[in-house]
Every structure is written in structure tokens, then in C-alpha cells.
Amino acid sequence: MTDNVIKSLTDPTFLIALLVGIAVFATMFTLLPAFSGNQLKSRMKSVALERDELRAKQRARLAVEADRRRKGLREEQSIGMRNIVERLDLRRALADEGTLQKLKVAGFRGQNPLTRFLFFRLVLPFISFGLALIYLFVLGGMADRPMAIKFFVCIVVAYAGFYAPVLYVNNRATKRKQSIQKAWPDALDLMLICVESGMSVEAALRKVADEIGAQSVALAEEFILTNAELSYLQERKQAYENLALRTGLESVKSVTQALVQAERYGTPVAHALRVLAAESRDMRMNIAEKKAAALPPKLTVPMILFFLPVLFAIILGPAGIQVSQRGGIFGANGGASSNSQ
């Protein structure tokens, strides 16, 4: 066996075939990457195509949203709602500057949302009161309660219906402010990059609106509207102040004041944006740290109610099973003492 192996290794034909095989393998190993192409370039190309596709989808969504809102602003008001609101003079009785400001912060602009808001504040109490009467006196709800309690429940339901539109607007305004607040530091960073690259404020707002739409549609809408106001308003200061009023955030207000001062006194906008962007990032980090610090007290009650009973059951369960199988804690001792007697 050994002689055959040595003879094969020393055979010139076998050595030539082995060397040819190694050469072919090395050639194929060298040339295959060249034929397969540059994987990094193909990967970067696919990433770029995917990014362009995502941007196109986001722009299409923003265009649809803007078209929907534009149609909503141009849509004619319902004649019945408008007549009722104007005849009863509900704007003087139920609306003030705070109401108009809250509607703007919630994203409702124009006269149509205000008319609907006042109309529903008038109609919902009667509807809720009627539904409560039907439930309590027709369907037999709370049959064991006295009549006074039932009327009191109806009045409470009507009162809740009167304040339901206010709660809806406040909830929507809060969610919209949170969305803008989360995306605001990133928007300032993008605006800073655009301004430092030589863009004007209008071009920077338009570019940031296209990029930030994936993170916050509300902030992109505000930037687009501010860009439009900068084009047709006589004073640019009014456009910046309108942006601060529509968002209702102090961080946005400070940025708008810095932009107004930069245009009035000729100070560099990039420096102010850099400082305000750092402050916005620090503020966002502080909010996250506050939430993290408040987490242990919030977890105390769930741990007591849910985690500790399960932990005790896992730890003491086997011991309890063994004790029950032996007939109790003193079962084994009792049996041993009886046997000894």
C-alpha cells in the first residue's frame, strides 16, 4: 500500500495532472469575482434605488394629504350647520381666541372646522341625553335605581356630550404637538445643513419638508405652509410667528424668534440654528431621561401584582407539592413515631 502511494507521488504524469488541477482552480478563483461584478456597487445601487422609492412614496403621500386638506379648505360649508351657528350666534357664546388657537394647533384651519366644532357642541348634548333616556327608561337600564339617579345620569351624559368635541380637539392637538416635538431636533439639523450649504430659508424649508415627512407629516405640512406664507405675505415676520402659533411649542417659538432677529439685524442664521439644534437635542434627551427615571415607581405595582406571585409560586410550588404528597408538614414525623411505637 505504501509502495503504491510513493509510486503514485513520484509518477511524473500524476504530478503534472495535480499541478494542472491546482492551476485551473487558482485561475477560476481569480476570475470568478471579476465576472460576478462588484458586490459593493450593486448593493449601494440597490440601497439608492430603495431610498428613492421610499422618498417617492412619501412625496406622493404628502401630495395626497395636501390635496385633501386643500379641498377641505375650499369645500363649501354645510348650509344647515352654518345657518344654525349664525342664527344662534354660537361663535360669540362658545368660541374665543383660545378655541381658535386650539383648533389651529390640532391642524384644523379655516372657518369650516370652527363651524363644525360649534355645531357638534350644540347637538351632541341633546343626542347623548336622548340616548341616555332611551337606555334608562325604554330599555330598562339601571332598573333598581330611583328616578332621581336616572335623571342625574342623563344630565351627566349630556354634559359629557357637550365637552366631547373639546376633548377630541385637545387630544388631537396633544398628539400633533408630540409628533412635531419628536421630529423637531432632526428638522433643525437638516435645516442647518441646508443653510450652511448656501440654500435660502425658503429652499431649506422645502427640502426639510420633503425629508422630514417620513418622521412627522404634521411638521412637513407646517414647513410647506410656512414656505408658502413667506412667498405671499408682506412681512416675513408674520410667517414665522404663524408657524409658532400653529405648533404651540416653545422650541419652535425660539427658533422663529431667532430667524426674525437674523433677518432684522443681519446676524448669521447658521450660528443660531446650530445653538438651537443643540438645545433641542438636549431637551429631547432630558425628556427621555425623565421618562426612564419615572419607570421604576410605575413598575412597582405591576411587579407586586403580577411578578411576585408567579415568583413565589415557582419557588414554593415544588416544596408545597412535596409536603402535600407526604400528608402535611408533620405527616412524616407522625408516621415515624407511630411505627416506633
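Along each chain, residues carry numbers from 1 onward, in the same order as the chain's sequence is written. A pLDDT threshold of at least 70 governs which residues receive local features in this predicted model, and a stricter bar of 80 or more applies before side-chain atom pairs are shown or counted, although totals over entire chains, interfaces and linings include all residues. To obtain the side-chain values, all non-hydrogen atoms of the structure were used and water was disregarded.

Draft legend 1. Up close: the overall build of the protein. Runs of E in the DSSP output that reach at least two residues are strands. Runs of H or I that reach at least four are helices, and both are numbered from the N terminus. What the protein contains, in helices and strands, is 15 helices and 0 strands. Burial status across the protein gives 25% buried among its 341 residues. Two residues qualify as a contact provided that any one of their heavy atoms is within 4.5 Å of a heavy atom in the partner residue. Within the protein, contacts between residues at least 6 apart in sequence are counted, and of these 65% link residues at least 24 apart. Computed with a 1.4 Å probe, the accessible areas rest on the Shrake-Rupley method; for each residue, only the protein chains presented here act as cover. Accessible area for the protein stands at about 23600 Å²; split by element, carbon and sulfur atoms hold 65% of it. Throughout, exposure labels follow a simple rule: accessible area from a 1.4 Å probe, protein chains only, divided by the maximum for the residue type, with under 20% read as buried, over 50% as exposed, and the rest as partly exposed.

Draft legend 2. Highlighting the packing of helix H4 (residues 79–88) against helix H7 (residues 111–138). Only the stretch in contact is used when a helix axis is fitted, and all axes are lines through C-alpha atoms; the angle between N-to-C directions ranges over 0 to 180 degrees. Taken N-terminus to C-terminus, the directions of H4 and H7 make an angle of 75 degrees; their axes are 9 Å apart at the nearest point. Comparing their axes, H7 and H4 come out roughly perpendicular. Residue-level contacts link Met81, Arg82, Ile84, Val85 and Leu88 of H4 to Thr115, Arg116, Leu118, Phe119, Phe120 and Leu122 of H7. Of the residues that constitute the contact of H4 with H7, the class distribution is 8 nonpolar, 1 polar and 2 charged. Here roughly perpendicular refers to angles of 65 to 115 degrees, roughly parallel to angles under 35, roughly antiparallel to angles over 145, and oblique to all remaining angles. Side-chain classes are defined by residue name, with Ala, Val, Leu, Ile, Met, Phe, Trp, Tyr, Cys and Pro counting as nonpolar, Asp, Glu, Lys and Arg as charged, and the others, Gly among them, as polar.

Draft legend 3. Quick look at the nonpolar core. Counting 36 residues, the largest nonpolar core has Met191, Leu219, Phe223 and Leu273 as the members making the most contacts within it. With 9 residues, the top contributor of residues to this core is helix H8 (residues 147–196). Every residue in contact with Phe223, bar those within four places of it in the chain, is listed here: Trp184, Ala187, Met191, Leu205, Val208, Ala209 and Leu243. Ranked by size, the runner-up nonpolar core spans 14 residues in total, among them Met81, Ala95, Leu114 and Phe119. By nonpolar core we mean a set of buried residues, namely Ala, Val, Leu, Ile, Met, Phe, Trp, Tyr and Cys, connected to one another through side-chain atoms within 4.5 Å.

Draft legend 4. Geometry of the pattern of salt bridges. Salt bridge, as applied in this entry: a Lys or Arg side-chain nitrogen positioned within 4 Å of an Asp or Glu carboxyl oxygen. Tallying each qualifying case throughout the model produces 9 salt bridges. Of the charged contacts in the structure, one is a salt bridge between Asp189 and Arg281, with a shortest N-O distance of 2.5 Å. Pair noted here: Asp189 is in helix H8 and Arg281 is in helix H13 (residues 269–293), with a separation of 92 residues, a long-range link. The class of Asp189 is partly exposed, set by a relative accessible area of 22%.

Draft legend 5. Structural context of helix H9 (residues 201–212). To estimate how far a helix should extend, the number of its residues minus one is multiplied by 1.5 Å. For H9, which comprises 12 residues, the first-to-last C-alpha distance of 16 Å matches the rise-based estimate of 16 Å (1.5 Å per residue) to within 8%. Among the residues making up H9, those that are buried are Val201, Glu202, Ala204, Leu205, Val208, Ala209 and Ile212. Down the axis of H9, the sector holding all buried residues measures 160 degrees, keeping them to one side. An arc is given here, and it is the one of the directions from the helix axis to the C-beta atoms.

Draft legend 6. Representation of the environment of Ile224 within the structure. In this fold, Ile224 is placed in helix H10 (residues 217–232). Put simply, Ile224 and Asp210 are 14 residues apart on the chain and 9.0 Å apart in space, counted from C-alpha to C-alpha.

Draft legend 7. Up close: the packing of H10 against helix H11 (residues 236–247). It is the contact of H10 with H11, at a shortest axis distance of 8 Å, that shows an interaxial angle of 160 degrees. In this view, H10 runs roughly antiparallel relative to H11, as classed from their interaxial angle. Viewed along their axes, H10 and H11 form a crossing whose handedness is right-handed. Contacts between H10 and H11 pair Glu222, Phe223, Leu225, Thr226, Glu229 and Leu230 from the former with Arg236, Ala239, Tyr240, Asn242, Leu243, Arg246 and Thr247 from the latter. Here the contact of H10 with H11 is built from residues that sort into 6 nonpolar, 3 polar and 4 charged. Left-handed describes a crossing whose near helix is turned anticlockwise from the far helix by less than a right angle; the clockwise case is right-handed.

Draft legend 8. Layout of the confidence of the model for the protein. Averaged over every residue, the pLDDT of the protein is 78; residues scoring 70 or more account for 80%. Scored from 0 to 100, pLDDT records how confident the predictor is in each individual residue. Averaged pLDDT values over the elements of the protein bottom out at 49 in helix H15 (residues 331–340) and peak at 88 in H8. Across residues 73–77, where pLDDT falls below 50, the model places 9 contacts with residues more than four positions away in sequence or in other chains. Note that pLDDT drops below 50 for residues 334–341; the model gives that stretch 0 contacts with residues more than four away or on any other chain.

Draft legend 9. The arrangement of the packing of aromatic side chains in detail. Pairing of aromatic rings covers Phe, Tyr and Trp, the last counted by its six-membered ring, and requires centre-to-centre distances within 6.5 Å; plane angles under 30 degrees mean stacked, over 60 mean edge-to-face, and any other angle means tilted. For the structure shown, the criterion picks out 5 aromatic pairs. Centroid distance Phe137 to Phe151: 5.4 Å. Interplanar angle 45 degrees. Geometry classified as tilted. With Phe137 in helix H7 and Phe151 in helix H8, the pair connects residues that are 14 residues apart, well separated along the chain. Overall, the relative accessible area of 34% leaves Phe137 in the partly exposed class.

Draft legend 10. Molecular detail of the side chain of Ser216. Considering the arrangement of structural elements, one finds Ser216 in the loop between H9 and H10. Here the side chain of Ser216 touches Ser179 through a polar contact of 2.9 Å, side chain to side chain. Among residues more than four places away in sequence, those in contact with Ser216 are Ser179, Ile180 and Ala183. Polar contact is defined as a pair of N or O atoms within 3.5 Å, subject to the rule that within protein one atom must be able to donate a hydrogen and the other to accept it, and that residues adjacent in sequence are counted only when both atoms are side-chain atoms.

Draft legend 11. Looking closely at empty space enclosed by the protein. Method remark: on a 1 Å grid restricted to protein atoms, a set of points is classed as a cavity if a 1.4 Å probe fits but cannot get out and as a pocket if it is open with protein on both sides within 12 Å along at least five of seven lines; lining residues have an atom within 4 Å of a point. Grid points are joined across faces, edges and corners, and a volume is the space filled by probe spheres set on the points. The final tally for this structure, using the stated rule, is 1 cavity of 30 Å³ or more. By volume, the largest cavity is sized at about 50 Å³. Residue lining of the largest cavity: Trp184, Met191, Leu205, Phe223, Thr226, Tyr240, Leu243, Val255, Thr256 and Leu259, and that is the complete set. Of all elements in the fold, only H8, H10, H11 and helix H12 (250–265) reach the threshold of two or more residues within the lining of the largest cavity. Broken down by element, the residue count for the lining of the largest cavity peaks at 3 residues, all from H12. The residue inventory of the lining of the largest cavity, partitioned by class, reads 8 nonpolar, 2 polar and no charged.

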